[in-house]
Amino acid sequence: MLHDTLRAATRQLHARLDEHKGLQRLLAPDLAAAEYAAILAAFWGFYTPLEASLARVAAGAAWAPWTTGRQQAERLARDLAHFGRRPEELPRCEHGPRIDSETEISGVLYVLEGSALGGQLISKRLTRSLALTPATGAAFFFGEGTGTRARWHDFLACLHVWAAPRNEAEIERSVAAARETFQALTLWLDRAEGVPG
């Protein structure tokens, strides 16, 4: 199954991202609001151009239901506004994964949809450390809330159906896109202002 192939091919990159100091700080009981806002800014700078690319390439493709109207960048903008940050003044990542077709979209979405599961753990920590809620600066990490896991399983079902008729070259392109997404986000966080690297 493509899910298993993606998981195996990205395991080390996924672990490296999970261990990033900026993400680890999100789990710390002494997380400061300014630190958190800097991390939100970095995610906004990554997700905003990436979601725009996904929506543009996915028009009419199999993945359109998963890309049209994605809300993560909007959630990040609301969270940033809560902390007095203006998204339009923030830098945007110009070196995200290459997305040319629905094949690359499958790999990128594997990373984005999977990261939402991790957001559930982070959101619980944010409730304790900064007393945040979806309405007060933590909409991005709360995501779909209790519906997040169901969304992940729905995505995996779609991935399985999509992958069934694909040839080896297409599977390799999907894997490459997933790897590029992990690498691009890690590099972006490494360079983001105010985010521990």
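Preceding block: the structure.
Residues numbered from 1 in each chain as written. Predicted model: local features only at pLDDT ≥ 70, side-chain atom pairs only at ≥ 80, totals over all residues. Heavy atoms only, no water.

K.L.:
Sorry if this is basic, but what is going on with the packing of helix α3 (residues 33–58) against helix α5 (residues 72–82) here?
P.N.:
Geometrically, a packed helix pair is captured by the angle between its two axes and the distance between the axes. Interaxial distance between α3 and α5 falls to 9 Å at its minimum, and their mutual angle equals 150°. By the angle between their axes, α3 is roughly antiparallel relative to α5. Like other packed secondary-structure pairs, α3 and α5 cross with a definite hand, here left-handed. In this structure, α3 uses Tyr36, Ala37, Leu40, Ala41, Phe43, Trp44, Tyr47, Thr48 and Glu51 to contact α5, whose residues at the interface are Gln72, Ala73, Leu76, Ala77, Asp79 and Leu80. When the residues that make up the contact of α3 with α5 are grouped by side-chain class, the tally is 11 nonpolar, two polar and two charged. (Axes fitted to C-alpha atoms, helices over the stretch in contact; angles between N-to-C directions. Helix = DSSP H or I, 4+ residues; strand = E, 2+ residues; numbered from the N terminus. Parallel < 35°, antiparallel > 145°, perpendicular 65-115°, else oblique. Left-handed = near helix turned anticlockwise from the far one by under 90°. Contact = heavy atoms within 4.5 Å. Nonpolar A, V, L, I, M, F, W, Y, C, P; charged D, E, K, R; others polar.)

K.L.:
Explanation requested: the packing of aromatic side chains in the structure shown.
P.N.:
Here a ring pair, both rings aromatic, is described through the centre-centre distance and the interplanar angle of the planes. Tallied over the full model, the rule gives 13 aromatic pairs. Ring plane angle 75° and centroid distance 5.5 Å describe the contact between Tyr36 and Phe83, whose orientation is recorded as edge-to-face. Remark: Phe83 occurs in the loop between α5 and α6 (102–129) and Tyr36 occurs in helix α3; sequence separation between them is 47 residues. Accessibility expressed as a relative area gives 0% for Tyr36, which makes it buried. On the basis of relative accessible area, Phe83 is assigned to the partly exposed category, the value being 25%. With a centroid separation of 6.0 Å and 50° between ring planes, the pair formed by Tyr110 and Trp152 is classed as tilted. Note that Tyr110 is positioned in helix α6 and Trp152 in helix α8 (residues 148–163), a separation of 42 residues in sequence. By the burial criterion, Tyr110 is buried, and Trp152 matches it. By way of ring pairs, the aromatic residues Tyr36, Phe43, Phe46, Tyr47, Phe83, Phe140 and Phe141 are connected into one cluster. (Phe/Tyr/Trp six-rings, centres within 6.5 Å; stacked < 30°, edge-to-face > 60°. Buried < 20%, exposed > 50% of the residue type's maximum accessible area, 1.4 Å probe, protein only.)

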